[in-house]
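Structural characterization, general
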Amino acid sequence: MRIILLGPPGAGKGTQAKTLAKSLKLPHISTGDILRQNVAQSSALGKKAKDYMDKGLLVPDELVTQMMESRIAQPDAKNGFILDGYPRNIGQAQALDGLLKELNLNIDIVFNLGASEPVIIQRLSGRLTCGGCSANYHITNMPPKKDMLCDNCRGKLYQRTDDKKETIKKRLEVYAQESAALISYYEQKQKLQEICADQAQEIVLKEMLEAASVKR
Ligand code: AP5
């Protein structure tokens, strides 16, 4: 099964994708996580991407698409995947369609996680991320059991550099510019499933699993 998660920053794409991936036994592929790993390792890609990410801008399509082509070609993605943060615009959606066509594959379902601005701001301003396994926590909504340590891998938790107030504002602007066209692209293909992501994590997950089971 091939699933795409769309939604604004802070809607809960990463949080839901990780749980969904476990339930459906599929790899979770997050462009944000892969880019942050590259930045942390100071790879050639990371060096090119860092400035865009720090400013809340999209990393150029050619870099992201090349990165995704090699990720989707890996053996663990052969029987499906959950894409989180990709595609981000029409150019990326068309590139993904082209790649899947070559492989004779299709997207099964596109979840559009809608969230209201006050919820987004509350979530992003309190988010903590594990430096080891990229698990997400929240200071009040989903606190770790031990202060600033990941429950899963004991990695240190940190606040993302793009979760500063000004950068959040820029990321929301970029999302607003790109999202309408992307949503209607998948609506026209009759792949889109709207989910209200303001709800509790378990309810959002339950709705997604129910929708995915209909497509299986
Ligand atoms: P990326 O990492 O993809 O960031 P994003 O899209 O801005 O999304 P976030 O990770 O901020 O939010 P999320 O929806 O995953 O929410 P989360 O689950 O963490 O991208 C970062 C940057 O990389 C981009 O700005 C860009 O520069 C670059 N990039 C990435 N992909 C790209 C692409 N395709 N093309 C070009 N550039 C790209 O949840 C947020 C918080 O809320 C957490 O603390 C969580 O615990 C909490 N929470 C989640 N769900 C709930 C709930 N239901 N109830 C209560 N709390 C909740």
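Here, the structure is the one placed above.
The rules we used
- Residues numbered from 1 in each chain as written.
- Predicted model: local features only at pLDDT ≥ 70, side-chain atom pairs only at ≥ 80, totals over all residues.
- Heavy atoms only, no water.
- Near = heavy atom within 4 Å.
- Polar contact = N/O pair within 3.5 Å; in protein donor to acceptor, adjacent residues only side chain to side chain.
- Areas by Shrake-Rupley, 256 points an atom, 1.4 Å probe, with all protein chains shown as cover.
- Helix = DSSP H or I, 4+ residues; strand = E, 2+ residues; numbered from the N terminus.
- Nonpolar A, V, L, I, M, F, W, Y, C, P; charged D, E, K, R; others polar.
- Pairing = 2+ DSSP bridges.
- Disulfide = S-S within 2.5 Å.
- Salt bridge = Lys/Arg side-chain N within 4 Å of Asp/Glu carboxyl O.
- Buried < 20%, exposed > 50% of the residue type's maximum accessible area, 1.4 Å probe, protein only.
- Phe/Tyr/Trp six-rings, centres within 6.5 Å; stacked < 30°, edge-to-face > 60°.
- Lys NZ or Arg CZ within 6 Å of the ring centre and 35° of its normal.

**Description of the site of the ligand**
Looking at the ligand, there are 35 residues lining it, with Thr15, Leu57, Arg127, Tyr137 and Arg171 nearest. In the model, an oxygen atom of the ligand is placed 2.9 Å from a nitrogen or oxygen of the lysine 13 main chain. With respect to the ligand, the side chain of arginine 171 contributes an N or O atom lying 2.5 Å from an oxygen atom. Protein chains shield 96% of the accessible area of the ligand, which is 1,000 Å² for the free molecule. Among the secondary structure elements, those contributing two or more residues to the shell around the ligand are helix H1 (13–24), helix H2 (31–40), helix H6 (117–125) and strand S6 (136–138). At 4 residues, the largest contribution of residues to the shell around the ligand is made by H2. Looking at the shell around the ligand, its residues break down into 14 nonpolar, 13 polar and 8 charged.

**Side note on the sheet that holds S6**
An order of S6-S5-S7 is seen for the 3 strands of this open sheet, with the pairing classed as antiparallel. Of all the strands in the sheet, just S6 and strand S7 (157–158) have a single pairing partner and so form its edges. The pairing of strand S5 (residues 127–130) with S7 spans 2 bridges and is classified as antiparallel. Bridge pairing in S7 places threonine 129 opposite tyrosine 158.

**Focus on the state of the cysteines**
Taken as a whole and assessed by the stated rule, the structure comprises 0 disulfides. Of the cysteine sulfurs around cysteine 130, a residue in no disulfide, the closest is that of cysteine 153, at 3.5 Å. Looking at cysteine 133, it has no disulfide partner, and the nearest cysteine sulfur is the one in cysteine 150, 3.7 Å off.

**Considering the pattern of salt bridges**
A side chain of one charge can pair with a side chain of the opposite charge if their charged atoms are brought near each other. Applying the stated rule across the entire model yields 12 salt bridges. Among the salt bridges present, the one from arginine 36 reaches aspartate 33, with a minimum N-O distance of 3.0 Å. Here aspartate 33 and arginine 36 lie together in helix H2, a separation of 3 residues that amounts to about one turn. With respect to burial, arginine 36 and aspartate 33 carry one shared label: buried. Here lysine 170 makes a salt bridge to glutamate 173, at a shortest N to O gap of 3.2 Å. Here glutamate 173 and lysine 170 lie together in helix H7 (residues 165–188), a separation of 3 residues that amounts to about one turn. On the basis of relative accessibility, which here comes to 34%, the residue glutamate 173 falls in the partly exposed class. Each of Arg127, Arg160, Asp162, Asp163 and Arg171 takes part in a single network of salt bridges with overlapping partners.

**With respect to the pairing of strand S3 (residues 81–84)**
Of the two faces of S3, both are covered, the one formed by Phe81 and Leu83 as well as the one formed by Ile82 and Asp84. Two strands pair when backbone bridges link them, and strand S1 (residues 2–6) and S3 are joined in this way by 4 bridges, in the parallel orientation. If you follow isoleucine 3 over to S3, its bridge partner there is isoleucine 82. Where strand S2 (residues 28–30) meets S3, 3 bridges bridge the pair, whose relative direction is parallel. The residue bridging serine 30 from the neighbouring strand is aspartate 84, located in S3.

**A look at the packing of aromatic side chains**
For the coordinates displayed, the defined rule picks out 1 aromatic pair. Geometrically, the ring pair formed by tyrosine 185 and tyrosine 186 is edge-to-face, given 5.1 Å between the ring centres and 90° between the ring planes. Just as tyrosine 185 is buried, tyrosine 186 falls in that class too. In this structure, arginine 2 packs its charged tip against the face of phenylalanine 81, placed 6.0 Å from the ring centre.

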